[in-house]
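These are the residues of each chain, in order.
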Amino acid sequence: MPFAVRADADRSQPDRVVRTVCSPNCSGTCGIDAWVKDDRIVKIEPAAFPDPGFERICLKGIAMAMQRIEHPDRLRHPLRRRGARGAGEWERISWEQALDDIAAALGRIRARDGARANAWMTMSGNYGFKATTVPERIANCLGGTVLTHGGMMGDLNCAMGYLPLLGVGSTCNDLADLKHARYIIIFGRNAADTDHSEMRFLFDAMEAGAKVVVVDPRYSRTAAKADEWVSPRPGTDAALVLGMINVIVAEGLIAEDYIRQHTNAPFLVRCDSGALLRARDIGADGEAFVVWDAVRGLPCPAASARNAELRGRWRIDLGPGGPVECCTAFELMLGAWAPYTPERAAQICEVPAGTIRHLAREYARSDRAWLWAGAGPQRYHHGHLVHRAYVTLGALTGNIGKPHAGVNCLDGAHMRLTFFPPQEWMAPGGRRGHSLPGVHMLDIISRGDPYPIKSLWITAYGMGSQSPNFDRFVQEALPQLELFVVTEQLMTPAARHADIVLPCVSYYEEEMDLVAGGEHWYLQLRQRAIPPVGESRNDYEIFAGVCERLGEGEHWRMSNEEVCRFVLEHHDDPVIRAIDWKALRRDGVARVEIPRPHVPFADLRFPTPSGRIELYTERLAPFGQGVLVYEEPLESSRRPLARRLPLVLISPKHVHSTHSQHTMLPWIREQLPEPRLEMHPRDARARAIGEGDRVRVYNDRGSLSLHASLSEGVKPGMVVVPQGFWREHFVAGHFADLGHIVRNPVQDVIIETNYPVWDILVEVAREAAA
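What comes next is a walk through the structure. Position numbers for residues start from 1 in each chain and track the written sequence from start to end. Only residues with pLDDT of at least 70 get local features here, since the model is predicted, and only at 80 or more are side-chain atom pairs given and counted; chain-wide, interface and lining totals rely on the full set of residues. Only heavy atoms go into the side-chain values, all of them from the structure, while hydrogens and water stay out.

**Overview of the nonpolar core**
No. 1: Residues enter a nonpolar core if they are buried and are Ala, Val, Leu, Ile, Met, Phe, Trp, Tyr or Cys, with the set joined through side-chain atoms within 4.5 Å. Exposure classes here rest on a 1.4 Å probe applied to the protein chains alone. A residue is buried below 20% of its type maximum, exposed above 50%, and partly exposed in between. Formed by 73 residues in total, the largest nonpolar core has its most connected members in I185 and I400.
No. 2: By residue number, the principal contributor to this core is helix 8 (residues 237-250), which donates nine residues.
No. 3: Contacts are assigned to residue pairs that have any heavy atoms within 4.5 Å of one another. What I185 contacts, discounting residues up to four positions off in sequence, is V213, V215, M244, L359, Y363, W370, L371 and W372.
No. 4: Ranked by size, the runner-up nonpolar core spans 52 residues in total, among them V134, I500, Y540 and C547. The helix and strand labels rest on DSSP assignments: H or I over at least four residues marks a helix, E over at least two residues marks a strand, and numbering proceeds from the N terminus.

If you want it as structure tokens, here you go:
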């Protein structure tokens, strides 16, 4: 079993072995046995789980434990800015002084501008329950504003594709059941790099005889293991899926009974307005949805129909307004999808029509077809349509709610733990603050719209390297803030511009927190392995100190252990609440007791208004998206802008770093000495660029300089820069400077606009070495 040992470690027996959890935003949440001697971690090993197959460890986790904890740049004491913001001039202060200063500023702002002028924002750098929820908790407690992080994370389109159709933001069949699938089609998910803890389940399926197809414009490490690699034009997966749907419909491969009984495709829609008919519209009582009963030849509530028509148009008398033409929702779908023949889809996505046909037939004809969707294809302005396409394809073939199949993205105990927290915890004393979309943070703060934000406190967020237009934040938003606080472990690019920087603990120094994974069904207890480095504290303890000074301390006096027990015993989700605290405290890990293997919607009941899969979305009809459609990316090779900026830039995650958390660690730098621009040799030759040449990547928003690597695994017309590198790792600039956020009204209706991380056009030019 793999393990890591500190080079200077005393190889004698440790003082203790502590079971804890490594939990950056890779969603793996690996259990760790930390071997500790003289209050230092000298070795780490994978910890045991109640079931075999989940013991794992990786270089990221090893480097995190052995090198980040005592990194030379580790923050050990609170710091207060002395000079101008960003000048790097600091003075060490005590915790008492830091908390006094922060509380005084928050109180002053609250008295003058109202409590909502104080804002908090977190991200996903720490998967612990307390770490994830306390920023919203303090905002509620103090009547402040929480800036949501889903849209700014850039992954919210997954949820916005699932939610209108399924009533939940994501699902995944039990990965341990993957080995029973017979056909696995993976869209934009490089599991070998970003889900490598779960890659073993894919290998198990391959050894059992499953065919694996990877759809990815880049020849990823996962594609290298597949039976077939399909390379679409970036951002066009929805067009590829629509071409598959066209074939499946035309060749009679749809699951008609499933569609009729478990989707809203038979529901009647007014052709003039796009509104779904309700029972009251046809003279019956209530708001039940209406279908056309083929046996009786008339419209009736869906529940009373003997045999609902799936196709057809009728003129229906709706009372005083007279007859109105209506049709089934499926009829609207067929009309919208008819133009996407394989040939037309091929023109859009640049996948041959013959390939589209055979993918459609293989997927539809397999009795165990597992669709595994990644986050890459949704990182475009219209990315919600991509995941809507996956769900639609799965529904048309009856693969949702089915063992060994499903439309799979992300699921697991993490969703249950953090999405349904006890309200007594989240809203102390029943208090509720305010919420604004963090994706629009720059405009909100710089313009004071819808109201002024005068302080901002960020936690677990590498804002300086992970968000677009950080320079604009510094220039336009930061001057509007009277207080900018960053809680961090290292002096990150964002922390350098703060007024006060507070040192926080690592996973191994955290006294206690609850951690659950996004890919398995276990709840783990993170326990302290070593004392905090320097004067580091956790976020709960820090916020408690501020609230004490603002007269709200009564809500923050539980110990860390008491918080974990309280959350478990009062949780809104019964499967979390059912976990025995004493057993979890003893073992450090517990099963979340759900039927296994887990099959979402196995009962074919869906938490939607109709109780069915809602392939037709009434509230999106005014936007032209009542049914699945394809929209071209904002910045693509087919847009006029491509005449000047012809290359699409994508920034996938690398196997050796989770976002920006690991790229500064020595062992990681051995594997990733510098960021490199990957480009196809044909595109390089057209620009006189050779292997290793220094190049400038630019558009109208910014630029970066780095060295080039040529690869035929990159589709012509696109370039690749792995994300997570800090600004100082580039020769000049940063890839986030090339990004942008454009409001998407459809996404704002569903949840909020998603940061389109990959919807970027650039040009590349050879640059003389300095």
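The structure having been displayed, the exposition proceeds.
**A few points about the sheet that holds strand 18 (residues 407-408)**
No. 1: Within the open sheet, the five strands sit side by side as 11-10-9-17-18. Their pairing is parallel. Two strands bound the open sheet, and with one partner strand each, they are strand 11 (228-230) and strand 18.
No. 2: Bridge analysis of strand 9 (residues 183-187) against strand 17 (residues 369-373) gives five bridges, and the strand direction is parallel. Its bridge partner lying in strand 17, Y183 is registered against A369.
No. 3: Every axis corresponds to a line fitted to the C-alpha atoms, with the helix fit spanning only the stretch in contact, and the corresponding angles, defined between N-to-C directions, vary from 0 to 180 degrees. Against the sheet, helix 13 (residues 384-396) contacts strand 9, strand 17 and strand 18, and its axis sits at roughly 170 degrees relative to strand 17. Note: two strands are recorded as paired if DSSP finds a minimum of 2 bridges between them.

**With respect to the packing of aromatic side chains**
No. 1: Centres within 6.5 Å are what make two rings of Phe, Tyr or Trp a pair, Trp counting through its six-membered ring; a difference in plane orientation under 30 degrees is then read as stacked, over 60 as edge-to-face, and the rest as tilted. The final tally for this structure, using the stated rule, is 18 aromatic pairs.
No. 2: Their ring planes at 50 degrees and their centres at 6.2 Å tell us that F49 and F54 sit as a pair that is tilted.
No. 3: Given a relative accessible area of 8%, F49 falls into the buried group.
No. 4: Consider the rings of W292 and W314, whose centres lie 4.6 Å apart with planes at 10 degrees: the pair is stacked. Note that W292 is positioned in strand 13 (residues 290-293) and W314 in strand 15 (residues 313-317), a separation of 22 residues in sequence.
No. 5: Residue W292 is classed as buried on the basis of its relative accessible area, which comes to 12%.
No. 6: Assessed through its relative accessible area of 17%, W314 is described here as buried.
No. 7: By way of ring pairs, the aromatic residues F49, F54, F201 and Y522 are connected into one cluster.

**Focus: the sheet that holds strand 23 (residues 512-516)**
No. 1: With antiparallel pairing, three strands are arranged side by side in an open sheet as 23-24-25. Looking along the sheet, the strands with just one partner apiece sit at the ends: strand 23 and strand 25 (589-591). Taking each pair of neighbouring strands and ignoring which way they run, the sheet shows an average axis angle of 20 degrees.
No. 2: Relative to strand 25, strand 24 (residues 522-527) runs antiparallel, the two being bridged by three bridges. Across the sheet, residue Y522 finds its bridge partner in strand 25, namely R591.

**Notes on the pattern of salt bridges**
No. 1: Each salt bridge in this description consists of a side-chain nitrogen of Lys or Arg and a carboxyl oxygen of Asp or Glu lying within 4 Å of one another. This model, assessed by the stated rule, comprises 59 salt bridges.
No. 2: A salt bridge links R379 to D155; the shortest N-O distance between them is 2.9 Å. Taken together, the residues span a long stretch of sequence, with R379 in the loop between strand 17 and helix 13 and D155 in the loop between helix 4 (150-153) and helix 5 (156-166) at a distance of 224 residues. By the burial criterion, R379 is buried, and D155 matches it.
No. 3: Across the pair E256 and R260 runs a salt bridge whose closest N-O atoms are separated by 3.6 Å.

**Notes on unusual backbone geometry**
No. 1: The peptide bond linking D449 to P450 adopts the cis configuration, its omega dihedral lying at 20 degrees.
No. 2: You can see P450 is positioned in the loop between helix 16 (441-447) and strand 20 (455-459).
No. 3: Each neighbour pair has its own omega, and for R596 with P597 the value is 0 degrees, a cis peptide bond.
No. 4: Within the element layout of this structure, P597 appears in the loop between strand 25 and strand 26 (647-650).
No. 5: With phi around 50 degrees, H659 is a residue other than glycine that occupies positive phi space.
No. 6: Of note, the phi angle at A688 is positive, near 55 degrees, even though the residue is not glycine.

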